[in-house]
Number of protein chains: 2
Amino acid sequence: MPTKETLKKGEVTRLAIEDAAFRLFMEHGFHATSMRQIADRAGLALGGIYNHFSSKEEIFTAIIMDKHPYKQILPLILNAKGDTVEELIHNAAQAMVSELGKQPDFLKLMFIEIVEFNGEHVNLLVREVAPKILPVFEKLVKVRKNLRPFHPAILLRSFLGMFFSYYITEILLSGSVVAKLMPRNSFEQFVDIYLHGILKEPA
Amino acid sequence: MPTKETLKKGEVTRLAIEDAAFRLFMEHGFHATSMRQIADRAGLALGGIYNHFSSKEEIFTAIIMDKHPYKQILPLILNAKGDTVEELIHNAAQAMVSELGKQPDFLKLMFIEIVEFNGEHVNLLVREVAPKILPVFEKLVKVRKNLRPFHPAILLRSFLGMFFSYYITEILLSGSVVAKLMPRNSFEQFVDIYLHGILKEPA
DNA sequence: AAAATAAAAACGAACGTTCGTTCATATTTG
DNA sequence: CAAATATGAACGAACGTTCGTTTTTATTTT
C-alpha cells in the first residue's frame, strides 16, 4: 500500500522530523530544543535523525526553506485586485493574513533567526523578496489618485510593519488587561487605521 | 577614594555582570550564552556570579527590569502636551522615539522574550504598565472630538505597534533596496500614517 | 590611626546532568 | 540480498550550579 503521494519511507520520516523540530523550535527556540526531544516527538530513536540530517542546524535550515510562506504570499500580493486603494490594500492584507493564518508561526521563525542566528538568512530573503513587492507600491502611487503622497518604500514598510505590529502586540499583550479589552475584529481595525488613520478629519 | 556614586563593591560587580550578560544575550540569545562567558566578560570567576544572582534566569529578569526604558518613557507619554490630537500623539511619539533611540537594543530583548520565554516576563511588565497608559487613551477618546470611534485598547496597541513596526522593518530591511530608497524623516511619516492613514479622502 | 573581627565577595575545582554526535548492530525496505 | 533505515548505548564536551576555601571589604574595638 503506497502513501497517497507515493513517498519513500525515508521521505516520510524526514518530514516527520522536520515537523516535530519546527513545532519544538516554535515553543522553545532553537538552542533550548534538544535532539532527544525532536526524536521523541518525531517517533524515532535519537540516532535515527542522523540518517536524514547531518546536524541540528541543518534541520533548522531545511525548515526555513520549506516552511517559509513567502512563496505562497508573494503572488497573493502581486495579484490582489480592487477598484479603489481601500479594496486593493484590504484584499492584499486579507489574503496575506489568511495565508499567515495558516502558518502564523512563520513570524516567530523570523524572530528565532534574529535572536539566535543574527538574522543571516532573513537579510538574504528580504533582498530577494523586496524588489518584487516594491514595484507594486510604486505602481500604486502612480495609478491611484486618492493616495497621499508617500514614498513607495514607506508604504511597503508600513504595510509589512502592520503585520509585525499586530503579531508582536498579540504575543506581548496576551493575558494582560489590554488583551481582555481587545475587540474581536482587531486586525480589521489595524488595516482600517493603516488606511484612514485614527483621526476623523483629513489633514 | 569613593566611587562617584559611592557604590559598594558588590553593587559594582553586580552591574558589571548585568551589563556583560546583557551584551551577550543581545549577541547570541539567552540559551546560547553560558555563565562562563558572562563571568569572563564581567571579569570575575564563574562561582562569583552566584554571590549576586541565584540563577542565570534571574540575571535575565534583572536585565528586563533594569534595562527596559519604560520608566523613562512612561512619564513622557503621561506628560505629553498638545492642543490637538495630532500634536499630542506627535509629541508623545517623538518623546518615545528619542528615548528608544538611546536604547535600541531593548527591542531585541523583547524578541528574546518572545522566542525563548514565550513572553513570560514581559507579561508581568505589561500588566504593570498597561493600566497606567490605558487611561491616557481612554481620556483621549472621551475628550477629543475629532477621533474616530476606536476602542482605547486598539489605539494603545496600534500606537505601540507603530514603534515595533518601525524598528523591526528597520532591522529587517537594513541594507536592502528598500532601505536605500527610504526617506530621511521616515518615522515622522509612520506617525503621519498612524494619524491620518495612507488615503487622501476620509472614510 | 591601628588592630581586630565579622561579613561580603572572589575563587576555581568538582558535581551531576544534559547536550550533539557517533557507532556497532539490528531490522526493514526495495 | 544489498541498501537504507532504526536502534540505543556510549562518548567527550559543555552546561548550570554547588562547595570549601581564600581574599577582600566594611565595621568595630582599641
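Calculation rules
- Residues numbered from 1 in each chain as written.
- Chains lettered and ligands numbered in written order.
- Predicted model: local features only at pLDDT ≥ 70, side-chain atom pairs only at ≥ 80, totals over all residues.
- Helix = DSSP H or I, 4+ residues; strand = E, 2+ residues; numbered from the N terminus.
- Buried ≥ 20, exposed ≤ 12 C-beta atoms within 10 Å, placed from the backbone.
- Near = placed C-beta within 6 Å.
- Nonpolar A, V, L, I, M, F, W, Y, C, P; charged D, E, K, R; others polar.
- pLDDT = per-residue confidence, 0-100.
- Contact = placed C-beta atoms within 7 Å.
- Axes fitted to C-alpha atoms, helices over the stretch in contact; angles between N-to-C directions.
- Parallel < 35°, antiparallel > 145°, perpendicular 65-115°, else oblique.
- Left-handed = near helix turned anticlockwise from the far one by under 90°.
- Least-squares fit on C-alpha atoms with pLDDT ≥ 70 in both.

We now examine the overall build of chain A. Looking only at helices and strands, one finds ten helices and zero strands in chain A. Written out in order from the N terminus, the α and β elements of chain A read α-α-α-α-α-α-α-α-α-α. Counting only C-alpha atoms and orienting by the principal axes, one finds that chain A spans roughly 65 × 40 × 35 Å. For chain A, buried positions account for 34% of its 203 residues.

Looking now at the protein's contact with DNA strand D. Around DNA strand D, the structure places 20 residues, and the nearest of them are Gly10, Leu44 and Gly47 of chain A together with Ser34 and Ser55 of chain B. For the surface near DNA strand D, the elements supplying multiple residues, two or more each, are helix H1 (9–28) of chain A together with helix H2 (35–42) of chain B. A per-element tally of the surface near DNA strand D places H1 of chain A first, with three residues. The residue makeup of the surface near DNA strand D, split by class, is six nonpolar, eight polar and six charged.

Attention now moves to the protein's contact with DNA strand C. Looking at DNA strand C, there are 20 residues lining it, with Ser34 and Gly47 of chain A together with Gly10, Leu44 and Gly47 of chain B nearest. Of all the secondary-structure elements, those providing two or more residues to the surface near DNA strand C are helix H2 (35–42) of chain A together with helix H1 (9–28) of chain B. The leading source of residues in the surface near DNA strand C is H1 of chain B, at three residues. Each residue belonging to the surface near DNA strand C can be placed in one class, and the counts come to six nonpolar, eight polar and six charged.

Before going further, it helps to spend a moment on the confidence of the model for chain A. Here chain A shows a mean pLDDT of 83. Residues at 70 or above account for 94%. Under a pLDDT of 50 for its full length, residues 1–5 of chain A has, in the predicted model, one contact with residues more than four places off or in other chains.

Turning next to the packing of helix H4 (residues 70–78) of chain A against helix H7 (residues 120–143) of chain A. If you want to describe how two helices pack, look at the angle between their axes and the distance between the axes. All names here are of chain A. Contact geometry of H4 with H7 gives a least axis separation of 10 Å together with a crossing angle of 15°. Considered as vectors, H4 and H7 are oriented roughly parallel to each other. Taken as a pair, H4 and H7 cross one another with a handedness that is right-handed. Here Tyr70, Leu74, Ile77 and Leu78 of H4 come into contact with H7, specifically with Leu125, Val129, Lys132, Ile133 and Val136. Taken together, the residues that form the contact of H4 with H7 break down as eight nonpolar, no polar and one charged.

Right, let's talk about the relation of the copies chain A and chain B for a bit. Rotating chain A by 179° and moving it 0.3 Å along the rotation axis overlays it on chain B with an RMSD of 1.2 Å. In short, the pair behaves as if placed about a two-fold rotation axis. Both copies share a contact surface, since 97% of the interface residues of chain A are interface residues in chain B too.

With that out of the way, let us pick up the interface of chain A and chain B. Each partner contributes residues to the interface: chain A has 61 residues there, and chain B has 61 residues. Breaking the side of chain A that touches chain B down by element, the ones donating at least two residues are helix H5 (85–102), helix H6 (106–117), H7, helix H8 (152–173), helix H9 (177–181) and helix H10 (186–196) of chain A. Per-element accounting of the side of chain A that touches chain B gives the leading share, 17 residues, to H8 of chain A.

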